[in-house]
Amino acid sequence: MSKAKQLRDRMAERGLVHIMAAHSPLSAVLAEEAGFDGIWASGFELSALYGLPDMSLISMTQHLDMLRAIAGRSSLPIVADIDTGYGNAINVIHAISEYERAGASAVVIEDKTFPKVTSLAAGGRQELLRVEEFQGKIEAAISTRTDPNFLVIARTEALIASLGEEEALKRARAYVQAGADMILIHSKKKDPSEIKSFARAWDGHVPLTIVPNAYPDLDATRINALGNIRMVIYGNYGIRAATTAMQDAFRRIVAEGGVQNVHKDIVSVEEIFRLQGMERTEADEKRFLW
């Protein structure tokens, strides 16, 4: 069974799947051990890992390299954040081939112009493509995939661009007409009112995906009550958690003049060895090196 089929089956069986953002193989391993249903190969998190803003500065090659590394260390399905598809429909054809080959089980493509600005940036430029042009991107993605279970998720940024629910619904319906398997509806409001309203108004035959970064109070119980959301992506919590922990540890080391206290509050080197697979590698060394 392909991982794409595994992801579809989990949605069918569980009703809602939980996808955790990762920016490295290590964070993907931790997400799998925690019990998530899949990995979000996040463009935002990878940009942050490089110390760059999420403004189409990370190349497709860089993202693919990290996705391959994650796929090599995790058995979970990977949902790849490919932003605007790296250009027009021709670029999307190339991207889908590469991401499917690299180990992705799904892609999310958003209807903004290239280059993009991250959705949650205050005052950021949020320009959307013509509906027909984005339909062409979705059609290109659908026609290119080789595994029919590979999910093409169309993300509309109409609410992010303050264009209103009617525009978001119009665009979502058009993207489903073009073949999208799911619709990702995004909002930057600090409460889930826009998302809940859209979900109640949604009359399309494909399910919804959400990313509750700005409205964290929308938990699984409330999401399930809406009835048509099948995937929730925790879009930037991996890099934020890692940053919080490093900021705290680094500042304490400077303030305390050493690691005498911090070392007791962080994982042991032996735990890192376990996550690295050190024991297995040592066994292989003894077995194969003469």
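Up top is the structure.
Note that this is a predicted model, so its numbers are computed, not measured. (Residues numbered from 1 in each chain as written. Predicted model: local features only at pLDDT ≥ 70, side-chain atom pairs only at ≥ 80, totals over all residues. Heavy atoms only, no water.)

Quick look at the pairing of strand β2 (residues 38-41) now. The alternating pattern of β2 places G38 and W40 on one face and I39 and A41 on the opposite face, and all of these are buried. Taken together, the 4 bridges between strand β1 (residues 17-22) and β2 define a ladder with parallel strand orientation. Residue pairing for β2: A21 is matched across the bridge by W40. For the handedness criterion, the β-α-β arrangement of β1, helix α2 (residues 25-34) and β2 is classed as right-handed. Judged from the 3 bridges that link them, β2 and strand β3 (residues 78-81) form a sheet pairing that is parallel. Within β3, the position partnered with I39 by the bridge is I78. (Buried < 20%, exposed > 50% of the residue type's maximum accessible area, 1.4 Å probe, protein only. Helix = DSSP H or I, 4+ residues; strand = E, 2+ residues; numbered from the N terminus. Pairing = 2+ DSSP bridges. Right-handed = clockwise from strand over helix to strand, strands pointing away.)

Burial along β3 is two-sided: the face carrying I78 and A80 and the face carrying V79 and D81 are both buried. Across 3 bridges, β3 lies against strand β4 (residues 106-110) in parallel orientation. Of the residues in β4, the one forming a bridge with D81 is V108. Since β3 and β4 lie parallel, the crossover through helix α5 (residues 89-102) that links them has a hand, and here it is right-handed.

Now for the packing of aromatic side chains. Using the criterion set out here, one finds 4 aromatic pairs in the structure. Taking the centre distance of 6.0 Å and the plane angle of 65° together, the rings of F36 and Y234 count as edge-to-face. Placement of the pair is F36 in the loop between α2 and β2 and Y234 in strand β8 (residues 229-234), with a sequence separation of 198 residues. The exposure class of F36 is partly exposed, given its relative accessible area of 22%. Each ring, one from F198 and one from W202, has its centre 5.8 Å from the other, and the planes form 15°; the classification is stacked. With a relative accessible area of 1%, F198 lands in the buried category. Judged by relative accessible area, which is 7%, W202 ranks as buried. For R240, the ring lying beneath its charged end belongs to Y237, and the centroid distance is 4.6 Å. (Phe/Tyr/Trp six-rings, centres within 6.5 Å; stacked < 30°, edge-to-face > 60°. Lys NZ or Arg CZ within 6 Å of the ring centre and 35° of its normal.)

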